[in-house]
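# Summary of structural features
Read off the chains here:
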Amino acid sequence: MSDFNGEFWPIYISVITIVSIIACAVLLWSLSTRRVAAGTAPNVTGHVWDGDLEEYNNPLPRWWIWLFYLTIVFAVAYLTLYPGLGTYPGLLKWTSRGEFEADQAAASKAYQPIYAKFAAMSIPDVARDPQAREMGQRLFLNYCAQCHASDARGGKGFPDLTDKDWLYGGDPETIVATITNGRTAVMPAWGKILGDEATHNLADYVASLSGATHDAARAAHGKEVFATTCVACHGPEGKGNPAMGAPNLTDAIWLYGGSNAALLETIGKGRNGVMPAWGEFLGPDKIRVLAGFVYGLSQAGQ
Amino acid sequence: MAKLQATLAPVTTVEPVDQALYEVRKKIYPRAVHGAFAAWRWIFVLLTQLVFYGVPWLQWNERQAVLFDLAARKFYIFGLVFWPQDVVYLSVLLIICAFSLFLFTAVAGRVWCGYACPQTVYTEIFMWIERQVEGDRLARMKLDKQKLSARKFALKGTKHVLWIALALWTGFTFVGFFTPIVALGGEVLNLQAGPWETFWMLFYGLATYGNAGWMREQVCKYMCPYARFQGVMFDPDTLVITYDRARGESRGARSRSADRKAIGLGDCVDCGICVQVCPTGIDIRNGLQYECIGCAACIDGCDQVMDKMGYPKGLIRYTTENALHGGISTRGMLKRILRPRVLVYTTILWSIIVATLVTLYERVPLKVNVIRDRGSVMHDADAREAQNVYRLRIMNTQEVARDMRIAVSGLEGIEIEGASQAVRVAPASSLVVPVRVEAPRASAAKGSNRIEFTIEATDPAHPERAPLRVVENASFVVQ
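All of these numbers come straight from a predicted model, not from anything done at the bench. (Residues numbered from 1 in each chain as written. Chains lettered and ligands numbered in written order. Predicted model: local features only at pLDDT ≥ 70, side-chain atom pairs only at ≥ 80, totals over all residues.)

### A short note on the overall build of chain A
The number of helices and strands found in chain A is twelve helices and four strands. Its C-alpha radius of gyration of 36 Å places chain A more than 25% over the 19 Å reference for a compact globule of 302 residues. Over its C-alpha atoms, taken along the principal directions, chain A stretches across nearly 120 × 50 × 50 Å. Sorting the 302 residues of chain A into buried and exposed places 22% on the buried side. A sequence separation of at least 24 residues applies to 61% of the contacts in chain A between residues at least 6 apart. (Helix = DSSP H or I, 4+ residues; strand = E, 2+ residues; numbered from the N terminus. Rg over C-alpha atoms; globule rule 2.2 N^0.38 Å. Buried ≥ 20, exposed ≤ 12 C-beta atoms within 10 Å, placed from the backbone. Contact = placed C-beta atoms within 7 Å.)

### Comments concerning unusual backbone geometry
Residues and elements named next belong to chain B. Looking along the chain, the bond that leaves Glu249 and enters Ser250 is cis, with omega of -5°. As for its position among the elements, Ser250 is in the loop between α12 (245–248) and α13 (273–276). Phi at Arg73 takes a positive value of approximately 55°, unusual for a residue other than glycine. Along the chain, Arg73 turns up in the loop between β3 (66–69) and β4 (74–77). Its identity is not glycine, yet Ala296 carries a phi of approximately 70°, on the positive side. Examined against the element boundaries, Ala296 turns out to sit in the loop between α13 and α14 (297–309). Judged by the 27 C-beta atoms lying within 10 Å of it, Ala296 is buried.

### Structural notes on the nonpolar core
Across soluble globular proteins, you tend to see nonpolar side chains buried next to one another. Of all hydrophobic cores here, the largest spans 45 residues; its most connected members are Leu290, Ala291 and Val294 of chain A together with Ile455 of chain B. With near-sequence residues (within four places) excluded, Val294 of chain A lies in contact with Leu161 and Ile175 of chain A. Counting residues in each nonpolar core, the second largest holds 36 residues, with Trp112, Ala227, Ala296 and Ala297 of chain B among its members. (Core = buried A, V, L, I, M, F, W, Y, C linked by C-beta atoms within 7 Å.)

### Some thoughts on the pairing of β4 of chain B
Residue and element names in this part refer to chain B. Pairing between β3 and β4: four bridges, direction antiparallel. If you follow Phe68 over to β4, its bridge partner there is Phe75. Remark: four residues form the turn of the hairpin made by β3 and β4, two consecutive strands paired antiparallel; Arg73 in that turn has positive phi of roughly 55°. By the bridge criterion, three bridges tie β4 to strand β5 (residues 80–82) in an arrangement that is antiparallel. Residue Ile77 lies in a different strand from β5, and its bridge partner there is Leu80. Counting the residues between successive antiparallel strands, the hairpin from β4 to β5 contains two residues, one of them, Phe78, with a positive phi of roughly 50°. (Pairing = 2+ DSSP bridges.)

### Focus on helix α5 (residues 130–143) of chain A
Taking 1.5 Å as the rise per residue, α5 of chain A with 14 residues should run 20 Å; its terminal C-alpha atoms sit 20 Å apart, in good agreement. Residues of α5 of chain A that are buried: Ala132, Met135, Gly136, Gln137 and Phe140 of chain A. Packed against the buried residues of α5 of chain A are α3 (96–119), α4 (123–128), α6 (145–148) and α12 (279–299) of chain A together with β13 (429–440) of chain B. (Expected span 1.5 Å × (residues − 1).)

### Comments concerning the confidence of the model for chain B
Residue and element names in this part refer to chain B. Residues of chain B with pLDDT of at least 70 account for 93%, and the chain-wide mean is 90. Note on residues 1–17: pLDDT is under 50 here. Beyond four places in sequence and across chains, it has nine contacts. Here the complex is predicted with pTM 0.78, and the ipTM for its interfaces comes to 0.76. (pLDDT = per-residue confidence, 0-100.)

### Considerations on the environment of Val240 of chain B
Residue and element names in this part refer to chain B. By the element assignment, Val240 lies in strand β6 (residues 240–243). Spatially, the C-alpha atoms of Val240 and Val111 are 9.3 Å apart, while their sequence positions differ by 129 residues. In contact with Val240, other than residues within four places in its own chain, are Gly109, Phe234 and Leu288.

### Here's the deal with the sheet that holds β3 of chain B
Residues and elements named next belong to chain B. Taken in spatial order, the three strands of this open sheet run β3-β4-β5, and their pairing is antiparallel. Two strands bound the open sheet, and with one partner strand each, they are β3 and β5. When the angles between neighbouring strand axes are averaged without regard to direction, this sheet yields 15°. (Axes fitted to C-alpha atoms, helices over the stretch in contact; angles between N-to-C directions.)

### Observations regarding the packing of helix α1 (residues 8–32) of chain A against helix α2 (residues 62–81) of chain A
Residues and elements named next belong to chain A. Remark: α1 packs on α2, axes separated minimally by 11 Å, with the N-to-C direction vectors making an angle of 165°. Compared by their axis directions, α1 and α2 come out roughly antiparallel. Read as a crossing pair, α1 and α2 show a hand that is left-handed. Facing Ile21, Cys24, Ala25, Leu28 and Ser32 of α1, the residues of α2 in contact are Ile65, Phe68, Tyr69, Ile72, Ala75 and Val76. The residue makeup of the contact of α1 with α2, split by class, is ten nonpolar, one polar and no charged. (Parallel < 35°, antiparallel > 145°, perpendicular 65-115°, else oblique. Left-handed = near helix turned anticlockwise from the far one by under 90°. Nonpolar A, V, L, I, M, F, W, Y, C, P; charged D, E, K, R; others polar.)

### Description of the sheet that holds strand β8 (residues 366–372) of chain B
All names here are of chain B. Across the sheet, which stays open at both edges, the four strands sit in the order β8-β9-β13-β11 with antiparallel pairing between neighbours. Pairing within the sheet leaves two strands with one partner each, and these edge strands are β8 and β11 (415–416). Pairing of β8 with strand β9 (residues 385–396), which is carried by seven bridges, proceeds in the antiparallel orientation. Within the sheet, the bridge partner assigned to Leu366 lies in β9 and is Asn396.

### Let's talk about the packing of helix α2 (residues 36–54) of chain B against helix α5 (residues 118–134) of chain B
Residue and element names in this part refer to chain B. At a minimum axis separation of 10 Å, α2 and α5 run at an interaxial angle of 105°. By the angle class used here, α2 and α5 are roughly perpendicular. Contacts between α2 and α5 involve Arg41, Phe44, Val45, Thr48 and Gln49 from the first element and Val121, Glu124 and Ile125 from the second. When grouped by side-chain class, the residues that make up the contact of α2 with α5 number four nonpolar, two polar and two charged.

In structure tokens, the structure reads:
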């Protein structure tokens, strides 16, 4: 591509364009002025079919030629108004970017009243508004469903948004903050630091917290490891810490799976959960509607 | 104008002028005609225009009965609501139209052109207005030859005002098929119609004014493709409007009391009425020509003259090549209407019509698209159950609310997680319902498994009625 960005190419293109237009005009003019005098034999192309069927070689009808002239007028007008000749920007200063921004501005102006209505409502009220829910579902299916699934119940590594279990908190303001700024969760990899034995013990202890089947002896050893290694984030009782998104380990809800194998993997290799920040892309109005929808999902049973 | 007259003048002109390379249109002044076929033509004009101008005003269940709502992509025709997915019905309609054209053309030539084509119909209406304002053929020719005077200006002005008024009303009606006409009327009266509505009203109006007022037969002669290809659908048993040359020649003027046999004349009195009434300006006595739109005005005109002369009618009549030259009797000619070609067209046409009506009757006003979430790869591989999430786009195409019940089958123990309550879909609208389907890994093979969604829709106002049922296939993926 960079080959075509030099000084030379815009001039090259402009010259070809202008020469072509002039050539078309000249060709048209030379073809349209040829007249046949009265009494002379008409021009024929020399093609003969079926013995005596000849083809006339006459100029086009006048109105037709004028249509061609009109295309030349159009081309000249277009190239004057719009950027078509090399680097010349055109009288209208049109750019595709400018048009896109104008369209966006027009759209946000058109939808502003709808969003303004929701901006004035509390998020629980937005969650109850049928129109907001419909809009929210559409936004959700567009932007969120790829990870959280169409039914918002997530999957491995992506939290279920319909239950009462929140990693960072489920109150309206926190939901808005999560969508706007995103979240980055880090569970460090402890496998190499703790060693194989301690990791296994820890996995059994973590399983015991939610009452899952576990090896009691290993769990007892694991408890000591937990008290020194994991409390910082998950707390002494393993109830987690919403401030940093450390999950509650006692509720039998597992983001990456609660089987022994899954726990070993989580502890050994760590986890890095990322929720992207949507603030810049969606803007506060859409985020408010979306937050209302998400908030409403976990309130549905009430 | 001087140049034009020079080119039309004989070759004796002294100064060398350019030859005209193209035919210059000669304005046609069709003479008014009355008779059986003219009456039929008016019946078709009234019927088609009653439908066109009247239908948009009909109401049906508190909405416009016939409305093609392009913005919402819903097409209402009385009790039926068509969605874009029903486009097949549009193609079937076009096929029915095409076969009808084949059939009618094979039987009686260009009857469509002569009686029902909008170009003919609007030309007929516009010519009627012209006749009311400017008078019949001779009066109009005289008026056009006159220099512009107050009277000529008034007559021409009145005609164009009436034409434009009718054309604008036509444009308004046309747009009224696509946007509710009552509201549109209010908008127009308040000068608040939208830019596209205004554009189409003016465009369609202008097209009507131009085609029916100015272009007229030129549309049929130079622009219309059907005019040209209908000719190839004729055969020697097709009824076409024909001058009976054997009976008419030699033509010539004579007194009513003269014995035409004695003076060696045929039945044609060469009055020229058949040429004067022709809307395309041809002389039917020269035989079948591509310009002939089959309007039968010349038949009516000639029959009147034959009556006056005391000769039998039908010097110009609907007849076939075989009847005229092949010595087939009138009965034989009518019998040949039921020839194999016509029977084949009729059979095909009726089969399509019946099949369409049956499918329309059987049509389930419920459509479902199933789209699987691709994120199922992420689902916990350790769990005993495999899960897939689907979006069901349920389209309730009828104008009653429906309660949808969704079931899934195809694998042992497969079920929809959680949701069991019915989903209500508003009349003539669609809804996206996400569902999570769960099946024991033991009953599903690795890879893609075929499953079926069954959607049953009941009418909450009439729960006793049998529910509508749609079955959609989907893939259930297990890693």
